[in-house]
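Fold and contact review
Residue-level listing of the chains:
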Amino acid sequence: MLFETDPVCKMQVLPDTAAAKYDYKSRTYYFCAARCMERFREDPQKFLSPTSEIRHPKSEFRHYTCPMHPEIHQLGPGSCPKCGMALEPEVASADEEENPELRDMSRRFWIAAVLTVPVLLAGMFEIAPFTQLLLATPVVLVAGWPLFQRGVASIVNRSTNMFTLIAMGTGAAYAYSVAAAFLHLPVYFEAASAITTLVLLGQVLELRARSKTGAAIKALLGLAPKTARLLSDDGSERDVPLDQVHIGDRLRVRPGEKVPVDGKVLEGHSSIDESMLSGEPIPVEKITGDRVIGGTINGTGTFVMRAERVGRDTLLSQIVEMVGQAQRSRAPIQRLADVVSSYFVPAVIASAVITFLVWFFAGPDPRLSNALLSAVAVLIIACPCALGLATPMSVMVAVGRSARVGILVRNAEALEVLEKIDTLVTDKTGTLTEGKPAIAKIVAVPRLTESDVLRLAASLERASEHPLAAAIVNAAASQKIELEEVRGFRTIPGKGLVGAIDGRAVAFGNLKLLEGLAVEPGDLRNQAEILRRNGRTIMFLAIDGKAAGLISVADPVKASALETLRELRKEGIHIVMLTGDNKTTADAVASKLGITDVHAEVLPQDKGEIVKEFQKQGRIVAMAGDGINDAPGLAQANVGIAMGSGTDVAMHSADITLVKNDLRGIIRARELSRATMKNIRQNLFLAFIYNTLGIPIAAGVLYPFFGVLLSPVIASAAMTLSSVSVILNALRLRK
């Protein structure tokens, strides 16, 4: 059995040896681990059978999409049937070669440029028309052939675009000149050639600029190391490719190396540069038990880690995927450009026809020549490329830029809405507070000791994902308390945990849990109230229906929270705290942060309803949270903002993720939103004003006053300049 390596994903594949003819040059495959792993897992035997229909040649198995029309996607490269732009791969590659279309367009441009110079000279010196025909034909019909292909495709697909106008303009000028050459009339081969050359130049400049929008993704992909140092059970070490690292593997990270995958430190300590995620240059100290992220750079220490997330599950891979999706998404403001464009091309064609008729029947001699040149100038100068590029270019650049500073944007709509928000609803634990709680005090009833309370509580919390659980379990571990086996374990959302330990019914949670179980807290209620006034979170323990003790947990307020909320209030944003914690504790934290609107003891399902109530009042709401219990609110809000240290559920429910877990990211995100929307409005203005002024001038409105008639060549240069100006303006967002 022969094995090959896919040229794009570099993963091992099986060649189609069962095919009647196997072409080793085209290298046809029927299995690729990168794209088809899910189907492989479902039925490996069927998937690997020689009769499998899963086949793809070379890199064409990759999905490509249009940056302006993300609903267009296909296997393999090509052109968008709606706008004619080259499709781009949905999944970027760090070592991707130069865009093949850029290479092709560059070659065509230089061929056209070299041949257009003698065409222009021949026109100036009135050299024989057939000589001009001989020189212009390769320019228009060979170098410019893709322009005609896209123009025809736009008509066939009933989606007229810039290539419709270009094909009609250059085609009309060339066809007329061919006929005129035989009829001994004036020819305009130089106009057709120059227009083709300038349009190809515009395509080259546009493709080069668009390639820069993917620089953020390629930079992120380049962060991942190629290999990892694997520790075997016998103590030996060896370097292995990154795709051979599995969950649970022990890996050694030496000074200066990149962390290969996401995991946890088992031995040693070091400082790690996490600036690629957070944007902050200060290294973060890591000791045993701390989590490390793949792609970050180790400092001077050496440590051993356990792999916990590999492949597409690593944070870096998820960031790359999220950035790619966001760059392909569409902002609502794009609808304006779409509506205008849908009517624009037919209106331009009608304008060109009217221009031709007016000049032909009412214009000065030579009427036919003036009519043709003016109509062609209208068609060329009015190309709506700049209008179509205005929004997607800004979105792609902004999303890439935000990823470099630790702000992950899931979709373009969030960028547009964020600048408009007037209400911020925020969770308490892990969002306003550090999310690293520690036990402050344990209280036990007379028949139990504090160790008993901690042992039973930690036994239940061991299976929980709540931020308080880690504090309780870690406290038990530090005291070397052996935990008990729990039977019948279940979680009561927003209240706590219940289960059976040594045949006794044990419950651990908030006061609502005790009330639901009809357990009277007794004297513990007063002690809990005193602790809450100091901002402590209280959890009660009940055994066999009787109160057995409580644990108070302290979670300090984030240093950045007060500064962030102060800045947001200056901008007129109303701050609301939502928490499942007790009202006394919530009020204590809120008073430190200057929050007056507090909703305490809120169940997870109620968070979404509270957000909805604010929306019914006409408010535009953003919500910040980090836990599973925040997911309903994050999904309901106009913009959901998840903390990077939170759960996957929260991050998947949110529109924006702050990787650094720093609330100041909200201010940065709003600045980015304002800058992006300003940039989009500037682009749309440039596109609209350009066409508003350009079409009348091309039609000859200045001729009666100044005797000026716009040449189609100048119109083509102006059209190219408009697109390039929009692209360059969008690229300013990178800085």
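For clarity, every value in this text was computed on a predicted model and none was experimentally measured. (Residues numbered from 1 in each chain as written. Predicted model: local features only at pLDDT ≥ 70, side-chain atom pairs only at ≥ 80, totals over all residues. Heavy atoms only, no water.)

A few words on the overall build of the chain. Looking only at helices and strands, the chain features 26 helices and 29 strands. Buried positions account for 51% of the 735 residues belonging to the chain. Counted over contacts in the chain with a minimum sequence separation of 6, partners at least 24 positions apart contribute 64%. A total of about 33,500 Å² of accessible surface is found on the chain, and carbon and sulfur atoms cover 57% of it. (Helix = DSSP H or I, 4+ residues; strand = E, 2+ residues; numbered from the N terminus. Buried < 20%, exposed > 50% of the residue type's maximum accessible area, 1.4 Å probe, protein only. Contact = heavy atoms within 4.5 Å. Areas by Shrake-Rupley, 256 points an atom, 1.4 Å probe, with all protein chains shown as cover.)

Take the pattern of salt bridges next. Throughout the structure, instances matching the rule amount to 24 salt bridges. Note that arginine 525 and glutamate 520 form a salt bridge whose closest N and O atoms lie 3.6 Å from each other. What makes arginine 525 partly exposed here is its relative accessible area of 35%. Across the pair glutamate 563 and arginine 664 runs a salt bridge whose closest N-O atoms are separated by 3.8 Å. With a gap of 101 residues between them, glutamate 563 in helix α19 (residues 559–570) and arginine 664 in helix α24 (residues 664–699) connect regions that are remote in the sequence. Under the relative-accessibility criterion, glutamate 563 is labelled partly exposed at 36%. Each of Arg229, Glu237, Asp239 and Arg252 takes part in a single network of salt bridges with overlapping partners. (Salt bridge = Lys/Arg side-chain N within 4 Å of Asp/Glu carboxyl O.)

Right, let's get into the environment of isoleucine 166. Looking at the element boundaries, isoleucine 166 is found in helix α6 (residues 162–183). The class of isoleucine 166 is buried, set by a relative accessible area of 0%. Expressed as a C-alpha distance, the spacing of isoleucine 166 and valine 199, which sit 33 residues apart in the sequence, is 8.2 Å.

Scanning the model with the defined rule gives two cavities of 30 Å³ or more in all. Its boundaries defined by the atoms lining it, the second largest cavity holds a volume of some 60 Å³. Lining the second largest cavity are 11 residues; nearest its centre among them are Gly202, Gln203, Met719, Thr720 and Ser723. For the lining of the second largest cavity, the elements supplying multiple residues, two or more each, are α7 (189–213) and α26 (712–731). It is α7 that provides the largest number of residues to the lining of the second largest cavity, a total of five residues. Looking at the lining of the second largest cavity, its residues break down into six nonpolar, four polar and one charged. (1 Å grid on protein atoms, 1.4 Å probe; cavity = no way out; pocket = protein on both sides within 12 Å on 5 of 7 lines; lining within 4 Å. Points joined across faces, edges and corners; volume = space filled by probe spheres on them. Nonpolar A, V, L, I, M, F, W, Y, C, P; charged D, E, K, R; others polar.)

Before going further, it helps to examine the nonpolar core. In this structure, Ile166, Phe189, Leu200, Val348 and Ile381 are the most contacted members of the largest nonpolar core, which totals 53 residues. Among the elements that make up this core, the one with the highest residue count is α6 (10 residues). In terms of nonpolar packing, the next biggest core, distinct from the first, is built from 48 residues, Met393, Met396, Ala414 and Val598 among them. (Core = buried A, V, L, I, M, F, W, Y, C linked by side-chain atoms within 4.5 Å.)

Attention now goes to the packing of aromatic side chains. A full pass over the atoms with the stated rule returns seven aromatic pairs. With a centroid separation of 6.5 Å and an interplanar angle of 35°, the aromatic rings of tryptophan 145 and phenylalanine 148 are classed as tilted. On the criterion of helical spacing, the pair formed by tryptophan 145 and phenylalanine 148 is a turn pair, its members being three residues apart in helix α5 (residues 145–156). Ring geometry for tryptophan 359 against tyrosine 703: centres 5.2 Å apart, planes inclined by 75°, an arrangement best described as edge-to-face. In this pair, tryptophan 359 sits in helix α11 (residues 334–362) while tyrosine 703 sits in helix α25 (residues 703–706), placing the two residues 344 residues apart along the sequence. (Phe/Tyr/Trp six-rings, centres within 6.5 Å; stacked < 30°, edge-to-face > 60°.)

So, about the sheet that holds strand β13 (residues 284–286). Pairing within the open sheet is antiparallel, and its three strands lie in the order β13-β12-β15. Whereas interior strands pair on both sides, the edge strands pair on one side only; in this sheet they are β13 and β15 (297–298). Pairing geometry for strand β12 (residues 270–273) and β15, over two bridges, is antiparallel. Of the residues in β15, the one forming a bridge with aspartate 273 is isoleucine 297. (Pairing = 2+ DSSP bridges.)

Before going further, it helps to examine the sheet that holds strand β14 (residues 291–292). Ordered by their spatial adjacency, six strands build an open sheet running β9-β8-β10-β16-β11-β14, and the pairing between neighbours is antiparallel. Every other strand in the sheet has two partners, leaving β9 (237–241) and β14 as the edge strands with one partner each. In this sheet, β14 lies alongside strand β11 (residues 262–268) in antiparallel orientation, the contact comprising two bridges. Paired with glycine 263 across the strands is valine 292, a residue of β14.

Let us now look at helix α15 (residues 450–461). Across its 12 residues, α15 extends 16 Å between first and last C-alpha, which sits within 8% of the 16 Å expected from 1.5 Å per residue. With 10 of 12 residues buried, α15 is to be regarded as a mostly interior element. All of the buried residues in α15 are Asp452, Val453, Leu454, Arg455, Leu456, Ala457, Ala458, Ser459, Leu460 and Glu461. (Expected span 1.5 Å × (residues − 1).)

Bringing the packing of helix α12 (residues 367–381) against α24 into the picture now. Their axes nearest at 8 Å, the elements α12 and α24 cross at an angle of 170°. It follows from the interaxial angle that α12 and α24 lie roughly antiparallel. Here Ser374, Ala377, Val378 and Ile381 of α12 lie close against α24, whose contacting residues are Tyr690, Asn691, Gly694, Ile695, Ala698 and Ala699. Here the contact of α12 with α24 is composed, by residue class, of seven nonpolar, three polar and no charged. (Axes fitted to C-alpha atoms, helices over the stretch in contact; angles between N-to-C directions. Parallel < 35°, antiparallel > 145°, perpendicular 65-115°, else oblique.)

The omega torsion of the bond from aspartate 365 to proline 366 falls at -5°, within 30 degrees of zero and hence cis. Structurally, proline 366 can be placed in the loop between α11 and α12. Phi at aspartate 544 is positive, roughly 50°, even though this residue is not glycine. Within the fold, aspartate 544 resides in the loop between β23 (537–543) and β24 (546–554).

Where β11 lies against strand β16 (residues 303–309), six bridges are found, and the strand directions are antiparallel. Each residue of the ladder has a partner; that of valine 265, found in β16, is methionine 305.

Turning to the pairing of β12, a few remarks are in order. Bridge count between β12 and β13: three bridges; the pairing is antiparallel. If you follow serine 270 over to β13, its bridge partner there is lysine 286.

Time to look at the side chain of lysine 428. By the secondary structure assignment, lysine 428 is in the loop between β18 (423–427) and β19 (438–444). The contact partners of lysine 428, leaving out residues within four places of it in the chain, are Thr433, Thr537, Met577, Leu578, Thr579, Asp581 and Val589.

Overall, the predicted model of the chain reaches an average pLDDT of 78, with 79% of residues at or above 70. Confidence drops under pLDDT 50 across residues 1–61; counting only partners more than four residues distant or on other chains, this segment forms 103 contacts. (pLDDT = per-residue confidence, 0-100.)

Interaxial distance between α24 and α26 falls to 9 Å at its minimum, and their mutual angle equals 170°. Taken together, the axes of α24 and α26 lie roughly antiparallel to each other. Residues Asn679, Gln682, Asn683, Leu686 and Tyr690 of α24 form the contact with α26, whose own contacting residues are Ala715, Ala718, Met719, Ser722, Ser725, Val726, Asn729 and Ala730. Residues of the contact of α24 with α26, tallied by class, amount to seven nonpolar, six polar and no charged.

Attention now goes to the side chain of threonine 196. Following the sequence through the fold, threonine 196 ends up in helix α7. A distance of 2.8 Å separates a polar side-chain atom of threonine 196 from the backbone oxygen of alanine 192. In this view, threonine 196 contacts Val139, Val140, Gly144, Leu147 and Thr170; residues no more than four positions away in its chain are not counted. (Polar contact = N/O pair within 3.5 Å; in protein donor to acceptor, adjacent residues only side chain to side chain.)

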